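A structural walkthrough
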Amino acid sequence: MTVLAGMAGFGKSTLLAAAAARHQLHGAALWLTIDDSDRDPVRLVSDLMSAAGLAGIDDLTTAIAPVRTSSLRAEPLTLVDALLEALYDTAEPLLLVLDDVHHLAGSRASVDVLDHLLRWAPGDMRIAIGARVVPPLRLQRLRLDGRLSYLAHDQLAFSPHETALTVKASGLDLGQEAVDSIHDATVGWPAGVRMAILAARQSDRVGNLPSQLRRDWALADYLATEVLASLPEELRDFVLDSCLDEQVCPSLLDSIRGTTTAETLLEQCLSDGIFLSRGTAATDEPWFSWHPLFASHVQRRVSSDRPARAAELHAAAAAWWVSVDVPTAIEHAAAASDEMAARIFSEHWLQLFLEGRVDAVMGAIEHHPHGLTAHGDAHLARALVLVRRGRFDAARAEVAAAHEVASTVRDEASARLDERTAVVELVLTGYDKGLGVAVETGEALLEQLARAERVPDPTITASLQVVVGMGEARLQSHLELALHMLRASAATAHDHGLVALELTALAESCIPAIAEGRLTEVHDVAVDVLERASERGWAGLVTLAPAVAYLGWLDYWRGDLTQARSQLERSLSMVLPFDRELRGLTLNFHVTTCLALGDARAARASITAIRAMSGSGTVPPWWPSMLDGLEGLALIAEGKPREAAALASSALAGPEYGLAQAHRAKVLLLAGDPAAALAELDRVPISTTLVHITCLSRCIEAEARAMLGQADAHASLEHALAAAEPDQLYGPFIAGGNRMVDLLRAHLRHGTGHHAALTQVLSRLSRPRENHGLGSSARLTDRERVILQYLATTLTNAEIAEAEFISLHTTKTHVAHIYQKLGVNSRRAAIRRATELGLY
């Protein structure tokens, strides 16, 4: 037995007819197209008898003739038995085709007749059934016996290759792009492909076929007559309402219709084969997908026949979507009213921008010109996009246009627009006049908001706080203020559901939080930020770069150098080119990491990049001391100790970079002058709050004292271990190499209060190759190692989930963690990185 189950237009009857024609070459075919009258079991049996009589088999016709004369009076199952007896006596191979069997749904008596026929049919008989929805036949026995083939609409749909073959067979000479567009528009629906071929023959704009199909009246008529007209009124009204979106869920449809029955009706549409399939979204409620062409034509029908109802549905859909996906909400709002679309855009475009959805912002402006083009917020959105692209003059012109719009009307909405304009102007100020001026201006704006009579917009407040905090973090001048602003911004954003803004503020807080010394806590914040962003598809968001840079920085101090370099280079790929301060800081970390890895050439390239930025605009005043320290370390690596020592011994006026003193001391130590290194460390008291500086300085101090034969080297090592142990900052010890091994072994014999830390460092020093693997904070779990093996295959995430008996959401989370730990953002890069680390 073969069952073909699929919606209208999937070629079921065509396939059945072809099968019957092939079978008639060596046997006989009985064909019955079932209709509503066959819901009467007596009529069904009578029609089966008629089909048998028309099969062209004389013996069969003769055998059933007496039965047919009494078919309207006898009990149905008795008549079926008589028909079966005649079939048993037929020598020819038989094929029974029953088309449109869905008409029997709801008639238990007729279904019983068909079940009885299937149960007792001759063993050499083939049966083929076509139905939009198969009624509840007892097919389990056939399935268990391996005698049932079941093809649903997903198997009946054309593959891309089959679509191409169909187009070619039609005589059309279309390019691959046009063929692909037909397949994408129809999703392989055979009737849709056929309509597309007919449309292509009549059109000279083949590249526009998908749009033509959505407006094709012949296709619309087919769907109306074959699908909509056959539905009960309640279900038809539901379908007309629910095709407002291609992707739907029960809560959406109940919201726009004011009902509680959407899930039941969706399941009914699914079981009735009404161009609906289950979606794959990993959410708490089920999602369903309408066939795109079907949904498009239903939408056009509702808009044409019931415009008021269409506007009402779009407005309700916009209200639901605004908390789920703002661009979709704007699409619906624009179909309801320009005013509603403009309001939603004004309230949410900045959040979209922070989510990295620049295309969505610009798409909303470009696709709804009447409602948004002249709107003040459209000018501001374009201004920020232009800033991101480095086109500052054009951005200023858009801000000026926003001011002009605001000046035409003075009301509360205009005041809100002024606030948003101030935020955009503040960003421009940072690039025009420097971060210092931007910070002062931002603080003044926050004071104005605090004094205002009305409650400020939380998005504006949080945005101003993040800009001020970001500026202070970049300048490294008032780190306490930076952290206060960034954490206040994150709290405000969290309380108001502004996730992208919250993650931006938390990511920005990572680097200034180094000053507080709780590095592992900050590490956890950074990892959480990146995981939450990855779950939302925001892994490459530019505003997350500080969190990635922090993880690279911490890996460096922990001695996990390869992982550190990977994270830092990932961060550099995310930072905007003109964000000099963050790029400079990250390049600074990159230099020290590359030098520790022995890659002096890469370190020199990063130093050159920092110098180029120093000469192209305003930079923090401590940059010269940072550059001198890096230059000295690079000269040592390049075998120029005399030049390095001379540079480290020269006085430099102005504010100093936090590590400048330790870097000079290290250069002097490596240049062979331990006394000068100690003198440099004694010049300013060693920091006790910046634990990484404490650790490095005390390690340098211990090495210098040991080289000079001073006994207090042990005290220095004990201070260094005390600073390193809470956050495993073992990089400075590992950098000491064999000389540090001797010192630590002697210190172990001398006595220490940090046995665990000292033992770990000695273990790391005895296995230096481990320093180039995954960071200690980023070891893959057993489950992640299993998922990593799948990444080297062509399996989709859904197929991996199925193979491992886990949810799709869990699989995606594992993949995101693997990408994070490997410091990559794609499957191919993960495979390459894992291969380098010997994980395959």
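Here, the structure is the one placed above.
Residues numbered from 1 in each chain as written. Predicted model: local features only at pLDDT ≥ 70, side-chain atom pairs only at ≥ 80, totals over all residues. Heavy atoms only, no water.

Turning our eyes to something else, we now look at the overall build of the chain. Helix and strand counts for the chain come out as 46 helices and eight strands. Computed over its C-alpha atoms, the radius of gyration of the chain comes to 37 Å, more than 25% above the 28 Å expected for a compact globule of 840 residues. With the C-alpha coordinates of the chain rotated into their principal frame, the extents come out at 120 × 70 × 50 Å. Within the chain, buried positions represent 53% of all 840 residues. Nonlocal contacts in the chain, meaning residues at least 24 apart in sequence, comprise 66% of its contacts between residues at least 6 apart. Split by element, the accessible area of the chain, about 37000 Å² in all, is 53% carbon and sulfur. Considering the chain, the positive charge centre built from 75 side chains and the negative charge centre built from 104 side chains are found 5 Å apart. (Helix = DSSP H or I, 4+ residues; strand = E, 2+ residues; numbered from the N terminus. Rg over C-alpha atoms; globule rule 2.2 N^0.38 Å. Buried < 20%, exposed > 50% of the residue type's maximum accessible area, 1.4 Å probe, protein only. Contact = heavy atoms within 4.5 Å. Areas by Shrake-Rupley, 256 points an atom, 1.4 Å probe, with all protein chains shown as cover. Lys, Arg positive; Asp, Glu negative; His and termini not counted. Charge placed at Lys NZ, Arg CZ, Asp CG, Glu CD.)

The next subject is helix α25 (residues 435-451). End to end, α25 covers 24 Å across 17 residues, agreeing with the expected 24 Å (1.5 Å per residue, within 8%). If you check which residues of α25 are buried, you get L435, A438, V439, G442, L445, L446 and L449. Down the axis of α25, the buried side of the element spans an arc of 125°, and every buried residue falls inside it. Residues E440 and R451 are exposed on α25 and point more than 90 degrees away from its buried face. (Expected span 1.5 Å × (residues − 1). Arc of directions from axis to C-beta.)

Following the criterion strictly, the structure yields zero disulfides and no others. C269 carries a free sulfur, and the closest cysteine sulfur to it, the one in C243, is 8.1 Å from it. (Disulfide = S-S within 2.5 Å.)

The next subject is the packing of aromatic side chains. Tallying each qualifying case throughout the model produces 10 aromatic pairs. Where W290 meets F294, the ring centres are 5.7 Å apart and the plane angle is 35°; that geometry is what we call tilted. Neither W290 nor F294 differs from the other in exposure class; each is buried. When the centroid spacing of 5.1 Å and the interplanar angle of 85° are considered together, the rings of W320 and W321 count as edge-to-face. Residue classification places W320 among the buried residues on the basis of a relative accessible area of 15%. You can call W321 buried: its relative accessible area is 8%. Taken together through their ring pairs, the aromatic side chains of W189, F275, W290 and F294 make up a single cluster. The aromatic ring of W120 is capped on one face by R119, whose charged end is 4.4 Å from the ring centroid. Above the plane of the ring of W538 lies R536, whose end atom (NZ or CZ) is 6.0 Å from the centre. (Phe/Tyr/Trp six-rings, centres within 6.5 Å; stacked < 30°, edge-to-face > 60°. Lys NZ or Arg CZ within 6 Å of the ring centre and 35° of its normal.)

On to the sheet that holds strand β8 (residues 288-290). As summarised here, the arrangement of the three strands in space is β6-β8-β7, forming an open sheet in which the pairing is antiparallel. Two strands lie at the open edges of the sheet, namely β6 (247-248) and β7 (276-278), each paired on one side alone. Taken together, the three bridges between β7 and β8 define a ladder with antiparallel strand orientation. Across the sheet, S277 pairs through a bridge with S289, a residue of β8. Along the sheet, helix α15 (residues 262-271) contacts β6, β7 and β8; its crossing angle with β7, the most-contacted strand, is approximately 110°. (Pairing = 2+ DSSP bridges. Axes fitted to C-alpha atoms, helices over the stretch in contact; angles between N-to-C directions.)

Worth remembering: the numbers are spatial, not functional.
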